Amino acid sequence: MELSEKNGAVLFQVKAQPRSSKSRIAGAYDRGVKVTLKAAPVDDAANEECCALFAKVFGFPVSRLCIVSGRSSRNKTLRVEGVSAEEVSRLLRPYIGGEGA
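A quick note: this is a predicted structure, and the numbers were derived from the prediction, not measured.

K.L.:
Hey, could you run me through unusual backbone geometry in this one?
P.N.:
Trans is the prevailing form of peptide bonds, just as negative phi is the prevailing case for residues other than glycine. For arginine 19, which is not a glycine, the phi torsion comes out positive at approximately 60 degrees. By secondary structure assignment, the location of arginine 19 is in the loop between strand 2 (9–17) and strand 3 (24–29). We classify arginine 19 as exposed; its relative accessible area is 59%. Unlike most non-glycine residues, aspartate 30 shows phi in positive territory, near 50 degrees. On the secondary structure map, aspartate 30 appears in the loop between strand 3 and strand 4 (32–36). Its relative accessible area of 67% is what places aspartate 30 among the exposed residues.

See below:
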């Protein structure tokens, strides 16, 4: 998994699968993380659910997360404010296996 730090934030790739039976981190995917989302990709619902899912996993307020590219695509870049790449890697490790940054 590739993480990049920029201006006090961490960016990483997310592959989203909307309209799934449940919302969860499904594991590592290519250079990022694959997620399944219950929400449909309508009216930004899937994007909001994606941010909320990672906020819950990280234990951060959802206001610290945003999608910086790919809002209308399955492939997204997520930005997490006020955290290091090392911490994001540590928090995601249980969901994506032994892979780190």
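K.L.:
What should I look at first to understand the pairing of strand 1 (residues 3–6) in this one?
P.N.:
Side-chain positions along a regular strand alternate between the two faces of the sheet. Alignment of strand 1 against strand 2, held across four bridges, turns out to be antiparallel. By the bridge assignment for strand 2, leucine 3 is matched with phenylalanine 12. What sits between strand 1 and strand 2 in their antiparallel hairpin is a turn of two residues, with asparagine 7 showing a positive phi close to 50 degrees.

K.L.:
Whenever I open this one, the pattern of salt bridges confuses me. Can you help?
P.N.:
Side-chain pairing between opposite charges can occur once the charged atoms of the two side chains come close. Overall, the coordinates contain four salt bridges when judged by the stated rule. With a shortest N-O distance of 3.7 Å, glutamate 2 and arginine 31 are connected by a salt bridge. Here glutamate 2, found in the segment before strand 1, pairs with arginine 31, found in the loop between strand 3 and strand 4; they are 29 residues apart in sequence, far enough to count as distant. Assessed through its relative accessible area of 43%, arginine 31 is described here as partly exposed. One salt bridge connects arginine 79 with glutamate 81, and the closest N-O pair in it is separated by 2.4 Å.

K.L.:
Where do I start with the nonpolar core in this structure?
P.N.:
Note that soluble globular proteins tend to have their nonpolar side chains buried in a common cluster. By size, the foremost hydrophobic cluster in this structure holds 30 residues, and its most contacted members are Phe12, Val35, Phe54, Phe58 and Leu92. Of all the secondary structure elements, the ones that give two or more residues to this core are strand 2, strand 4, helix 1 (45–58), strand 5 (65–69), strand 6 (75–81) and helix 2 (85–96). Here this core takes eight residues from helix 1, the largest share from any one element. Not counting the four nearest positions on each side in its chain, valine 35 is found in contact with Val14, Lys15, Ala16, Gln17, Arg24, Ile25, Ala26, Cys50, Leu53 and Phe54.

Thresholds applied
Numbers given to residues run from 1 along each chain, matching the order in which its sequence is written. Residues qualify for local features only when their pLDDT is at least 70, as the model is predicted, and side-chain atom pairs are given and counted only at 80 or more; totals for whole chains, interfaces and linings, by contrast, use all residues. Only hydrogens and water are removed before side-chain values are computed, so all heavy atoms of the structure are retained for them. Every helix listed is a DSSP run of H or I at least four residues long, and every strand listed is a run of E at least two residues long, numbered separately from the N terminus. For every residue, the accessible area (1.4 Å probe, protein chains only) is compared with the maximum for its type, and the residue is labelled buried under 20%, exposed over 50%, or partly exposed between those bounds. In this scheme, strands are said to pair when DSSP sees at least two bridges between them. Only one rule defines a salt bridge in this text: a Lys or Arg side-chain nitrogen within 4 Å of an Asp or Glu carboxyl oxygen. Buried Ala, Val, Leu, Ile, Met, Phe, Trp, Tyr and Cys residues that are joined via side-chain atoms within 4.5 Å together make up what is termed a nonpolar core. Note on definitions: a residue-residue contact is assigned when non-hydrogen atoms from the two residues lie within 4.5 Å.

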